[in-house]
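Structural features, examined
The primary structure of each chain is shown beneath.
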Amino acid sequence: MQLTTSIRSALIAGAAATALFTGATGAVAAPAAPSAAATAPASAAAHSPYGQLRPLAVLSAERLATADLVAAAKWGTGGPVDDPAREQEVLRAVAEQARQLGADPEVTVRFFRDQIEANKIVQRGLHRAWDADPGRAPTERPDLGQVRKEINRINHELVQAVADSPQARSAPYCAPLLTVAAARVRHERHLDALHTSALARSLRSVCG
């Protein structure tokens, strides 16, 4: 099963993390054991496979939250959701940061292409909803320049998270652990169906 399908199924179903761990293989269940969580130092937990993957899900959801602001900034302007110049600017920046951190620029760029597409899923979804029900449309237009500063900050942290997680991302248990992390983030942030689907899209190329 493809990772995106696995994550989307788990998220939309709203499966609890406990249930997901129960249904995973023995190799995956070990990091979730209460005794390990209770006794492991915080630093060890942060470097565990799950600890490496969780920031990718958390920061991806944080980045998706900016899509609401971008959609509001573009709403009613007649401008397209797609912004190739901005996208290339982001991809160049993250590739350079990856090189500076000793991470794989190609892997990082592939991950951020997914981030960009996920962001556009939210923008398009919101625009369709606002077209259908103008009463739900935003009445104020955020400053797109300020929003992009926030996106750049999150991008920086995401590149670091990619650089910090090569072992977990290449491990055979990456997909189920990432699914658990994404499900927890969905629950914590109370994501609706649109943002849940976009979160799954944003994490599509994390493992492998």
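Before reading on, note that the structure itself is shown above.
Each chain carries its own residue numbering, running from 1 in the direction its sequence is written. pLDDT decides what is reported in this predicted model: residues at 70 or higher carry local features, side-chain atom pairs at 80 or more are listed and counted, and totals for whole chains, interfaces and linings draw on all residues regardless. In computing side-chain properties, one takes all heavy atoms of the structure into account and sets aside hydrogens as well as water.

Remarks on the nonpolar core
Buried together is how nonpolar side chains tend to be arranged in soluble globular proteins. In this description, a nonpolar core means a group of buried Ala, Val, Leu, Ile, Met, Phe, Trp, Tyr and Cys residues linked to one another through side-chain atoms lying within 4.5 Å. Between buried and exposed lies partly exposed: a residue is buried under 20% and exposed over 50% of the maximum accessible area for its type, with that area taken using a 1.4 Å probe on protein chains only. Grouped together as the largest cluster of nonpolar side chains are 45 residues, with contacts concentrated most on Leu53, Leu56, Phe112, Trp130, Leu199 and Val206. Looking at this core element by element, the count peaks at 10 residues for helix H6 (residues 49–74). Only DSSP runs of H or I covering at least 4 residues are called helices, and only runs of E covering at least 2 are called strands; the numbering of each starts at the N terminus.

Describing the state of the cysteines
A pair of sulfur atoms, both from cysteines and within 2.5 Å, is called a disulfide here. In the structure shown here, the tally under the stated rule is 1 disulfide. Across the disulfide, Cys174 is cross-linked to Cys207 (sulfur-sulfur distance 1.9 Å). For the disulfide bridge between Cys174 and Cys207, the dihedral angle about the S-S bond is near -75°, and by the sign convention the bridge is left-handed. Placement of Cys174 in helix H11 (residues 174–189) and of Cys207 in the segment after helix H12 (193–202) is noted, with a sequence separation of 33 residues between them.

Quick look at the side chain of Ser202
With respect to the element layout, Ser202 can be found in helix H12. A residue is classified by how much of its surface remains accessible, and Ser202, at 0% relative accessible area, is buried. By definition, residues are in contact when any of their heavy atoms lie within 4.5 Å. Leaving out residues up to four positions away in the same chain, Ser202 has contacts with Ser60, Phe111, Asp114, Gln115 and Ala118.

Focus: H6
Turn by turn, an α-helix covers 3.6 residues, leaving residues three or four places apart pointing in a common direction. An ideal rise of 1.5 Å per residue puts 38 Å on 26 residues; H6 measures up with 38 Å between its terminal C-alpha atoms. Of the residues one or two after H6, Gly76 is the one with positive phi, at around 80°. Here the expected length of a helix is defined as 1.5 Å per residue gap, with one fewer gap than residues.

A closer look at the pattern of salt bridges
Note on pairing: side chains with opposite charge can pair once their charged atoms come close. Between Lys or Arg on one side and Asp or Glu on the other, a salt bridge is scored when a side-chain nitrogen of the former is within 4 Å of a carboxyl oxygen of the latter. Evaluated as defined, the whole model comprises 13 salt bridges. Arg148 serves as the salt-bridge partner of Asp83, at 2.8 Å between the closest nitrogen and oxygen. On the criterion of sequence distance, the pair formed by Asp83 in the loop between H6 and helix H7 (84–101) and Arg148 in helix H9 (residues 144–163) is long-range, its members being 65 residues apart. Arg148 sits in the partly exposed class, given a relative accessible area of 24%. The salt bridge involving Arg153 is made with Glu150; its shortest N-O contact spans 2.6 Å. Placement of the pair is Arg153 and Glu150 together in helix H9, with a separation of 3 residues, close to one helical turn. On the basis of relative accessible area, Glu150 is assigned to the partly exposed category, the value being 31%. Residues joined by salt bridges that share partners form a network here, namely Asp82, Glu87, Glu117, Lys120 and Arg124.

Observations regarding H12
Most of H12 is tucked away, with 7 of its 10 residues classed as buried. Every buried residue of H12 is listed here: His195, Thr196, Ala198, Leu199, Ala200, Arg201 and Ser202.

Considerations on the packing of aromatic side chains
Only the six-membered ring of Trp is used, alongside the rings of Phe and Tyr, when aromatic pairs are assigned; centres must lie within 6.5 Å, and planes under 30 degrees apart are stacked while those over 60 apart are edge-to-face, with the rest tilted. What the rule picks out here adds up to 2 aromatic pairs. Summarising the aromatic geometry, the rings of Trp75 and Trp130 are spaced 5.4 Å apart at their centres and angled 75° between planes, so their arrangement reads as edge-to-face. Residue Trp75 is found in the loop between H6 and H7, and its partner Trp130 is found in helix H8 (residues 105–132); the two are separated by 55 residues along the sequence. In terms of burial, Trp75 and Trp130 fall into one category: buried.

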